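Notes for the structure review
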Amino acid sequence: MRTGFVGLGAMGMHMARNLQRAGLLAAVWNRTAAKAQALAAELKVDAPATLPEIAARCDAVVSCVSADADVLEVTRGLLPALRQGAIMLDCSTVSAETARQAAQLSAGRGAEFLDCPVSGGVEGARDATLAIMVGGAPEAFERAQPILKALGRTIAHFGPVGAGQAAKATNQIMCAGIIEAVAEAMAFARAEGLPLDKLIDTLGKGAGSSWYFVHRAPNMARGSYPAGFRVRLHAKDLGICHDMANRFGVELPVVERMRREYAELEARGYGDEDISATFRLKEELFERTNIMRAPNRGNA
Ligand code: NAP
C-alpha cells in the first residue's frame, strides 16, 4: 500500500519514519516544505510540492496536523486527486464533528476516511508504541491494518467515524487531571526540599505513578519544558472536550481549571512549551508565601 504522510511536526516526523521502516512510505508533504524535503532526502522517498500530487501517487494518506480547520484544509487540498478506494487516516486530535465533515468530503471522491487520533506522546510516535483510537468503516479499518501496526502497538476500533475522536477526548480529560496533579505534587516536593530525581525514581514505581509522572516530572525537576505535547495543543483539545461535554449541558471542573491555567501560560508566551510547563504556575503557589520552610532541604 503506497502511503503518503502529511504534517511532519513533533509527532508526524517520527510516524513517517516508522512507515518507511515498514516499507510503506512513498511520499511526504509538509506546509513548510523544507522539512519535507529534508526528510524525503533522508528516507529516499518523494516530496511532491502539492497535496494533489501526493494524493495522486498514494493508496493511503496519513495526516497529523494541528487543529480542526487544518484537517479540513488538508482534506480539501487532497480531494482533487484522491483516488477511488483510497484511505485517509487522520491522526490529528480534532472534534468528532470535524472527522465526520472530512469523511463526507472524502466520500464524495469514493475514498474512505478513518479518524485515528493517537496517544503516547512523541516517545510513542518515535518508538511506534502509540495507542490508536479508530473510527470509521470496519472494512477500511481492516485494510488499514499494515499502516496502523507500523505506527502503534495498541489499536482499537470504537465505531463509526468520530468514535476515535470521542475516545481521544476521554483520554485528554484524564491527561488534564494527571498533569495538574503531577505539577502540584512536584512543586510541593520541591518546597519540601526533597531530592527530586530520587523521588521520581521511587514514586515512579508507586501507586500514584503515571506516564506523565515518569516521563514529564523530570522536566519539572530540570525547569525545562521542550515539546513534547505543546500547551496550545492540549488547550485546543480541552476546548473540544468543553464543547462535547457542553452538548450534555455539563461543565467538567478539571477541564475548565486546566483551560484557565493553559490560557495563563499562553498569555505569558509558553504556549509552545510541553504541558509539564504547568509546573511554572504551581511553583509560584509556594513562592508567594514568605513562610516557606523546607524541613528536608540539606538532607538530599
Ligand atoms: P506540531 O509539532 O505543532 O506539528 C503540526 C504539524 O501540522 C506541522 O507539520 C505543521 O506544518 C502542520 N500543519 C498545521 N496546520 C496546517 C495546515 N493548515 N496545513 C498543513 N499543515 C499544517 O504538532 P504535533 O505535536 O506533531 O501534533 C500534531 C497533532 O497530533 C495535533 O492534533 C496534536 O493534538 C496531536 N497529538 C500530539 C501529541 C504530542 O505529544 N505532541 C500526542 C498525541 C496527539 P508546519 O511545519 O508548516 O508548521
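Residues numbered from 1 in each chain as written. Predicted model: local features only at pLDDT ≥ 70, side-chain atom pairs only at ≥ 80, totals over all residues. Heavy atoms only, no water.

Overview of the domain arrangement of the protein
Looking at the assigned domains, one finds that the protein contains domain 1 (3-160) and domain 2 (167-296). The C-alpha centroid of domain 2 is placed 29 Å from the C-alpha centroid of domain 1. Contacts between the two partners involve 17 residues from domain 1, matched on the other side by 13 residues from domain 2. With both sides pooled, the region where domain 1 packs onto domain 2 buries about 1100 Å², and carbon together with sulfur makes up 61% of that total. Our enumeration of links across domain 1 and domain 2 arrives at one salt bridge. Glu-123 is paired through a salt bridge with Arg-216; the nearest N and O atoms lie 2.9 Å apart. At the boundary of domain 1 with domain 2, the tally comes to five residue pairs in polar contact (both at pLDDT 80 or more). Every element with two or more residues in the side of domain 1 that touches domain 2 is listed here: strand S6 (118-119) and helix H6 (121-127). (Domains from an automatic or database assignment. Contact = heavy atoms within 4.5 Å. Buried area = accessible area lost by both parts, 1.4 Å probe. Salt bridge = Lys/Arg side-chain N within 4 Å of Asp/Glu carboxyl O. Polar contact = N/O pair within 3.5 Å; in protein donor to acceptor, adjacent residues only side chain to side chain. Helix = DSSP H or I, 4+ residues; strand = E, 2+ residues; numbered from the N terminus.)

Examining the site of the ligand
If you check the shell around the ligand, you find 29 residues, and the closest are Asn-30, Thr-32, Lys-35, Ser-66 and Asp-70. Contact between the ligand and Asn-30: an oxygen atom at 2.7 Å from a side-chain N or O atom of the residue. Arg-31 has a polar side-chain atom sitting 2.9 Å from an oxygen atom of the ligand. For the ligand, the protein covers 93% of the area, taking 900 Å² as the surface of the free molecule. When residues of the shell around the ligand are traced back to their parent elements, those giving at least two are helix H4 (68-78), H6 and helix H12 (231-246). In terms of residue class, the shell around the ligand is built from eleven nonpolar, nine polar and nine charged. There are two domains that each give the shell around the ligand at least three residues, and those are domain 1 (3-160) and domain 2 (167-296). (Near = heavy atom within 4 Å. Areas by Shrake-Rupley, 256 points an atom, 1.4 Å probe, with all protein chains shown as cover. Nonpolar A, V, L, I, M, F, W, Y, C, P; charged D, E, K, R; others polar.)

Describing the pattern of salt bridges
Considering all chains together, one arrives at 23 salt bridges under this definition. In this structure, Asp-201 engages Lys-205 in a salt bridge whose closest nitrogen and oxygen atoms are separated by 3.0 Å. A relative accessible area of 48% means that Asp-201 is categorised as partly exposed. As a salt-bridge pair, Arg-259 and Glu-256 come within 3.3 Å of each other at their nearest N and O atoms. (Buried < 20%, exposed > 50% of the residue type's maximum accessible area, 1.4 Å probe, protein only.)

Considerations on the environment of Ser-66
Its place among the elements puts Ser-66 in the loop between strand S3 (60-63) and H4. In this structure, the C-alpha to C-alpha distance between Ser-66 and Arg-232, residues 166 residues apart in sequence, is 9.8 Å. Excluding anything up to four places from it in sequence, Ser-66 contacts Thr-93, Leu-233 and Lys-236.

Things to note about the nonpolar core
In this structure, Phe-5, Met-15, Leu-19, Val-28 and Leu-89 are the most contacted members of the largest nonpolar core, which totals 36 residues. In this structure, Val-28 is in contact with Phe-5, Leu-8, Ala-16, Ala-36, Leu-39, Ala-40, Val-45, Asp-46, Ala-47, Pro-48 and Ile-54, ignoring residues within four places of it in sequence. Counting residues in hydrophobic clusters, the runner-up holds 33 residues, among them Ala-217, Leu-238, Tyr-262 and Phe-279. (Core = buried A, V, L, I, M, F, W, Y, C linked by side-chain atoms within 4.5 Å.)

Quick look at the pairing of strand S1 (residues 3-6)
Here S1 shows a buried face lined by Thr-3 and Phe-5 and a second buried face lined by Gly-4 and Val-6. Relative to strand S2 (residues 25-29), S1 runs parallel, the two being bridged by four bridges. Pairing of Val-6 across the sheet is with Trp-29, part of S2. Handedness of the S1-helix H1 (residues 12-21)-S2 crossover: right-handed. The pairing of S1 with S3 spans four bridges and is parallel. Following the sheet pairing, Phe-5 is matched in S3 by Val-62. (Pairing = 2+ DSSP bridges. Right-handed = clockwise from strand over helix to strand, strands pointing away.)

Quick look at helix H9 (residues 163-191)
Along its 29 residues, H9 runs 43 Å from first to last C-alpha, staying within 8% of the 42 Å computed at 1.5 Å per residue. Count one or two residues on from H9 and you reach Gly-193, which has phi positive near 75°. (Expected span 1.5 Å × (residues − 1).)

What about the packing of aromatic side chains?
Inspection of the entire model under this criterion finds two aromatic pairs. The ring of Tyr-270 is capped by Arg-280, whose NZ or CZ atom sits 3.8 Å from the centre of that ring. (Phe/Tyr/Trp six-rings, centres within 6.5 Å; stacked < 30°, edge-to-face > 60°. Lys NZ or Arg CZ within 6 Å of the ring centre and 35° of its normal.)

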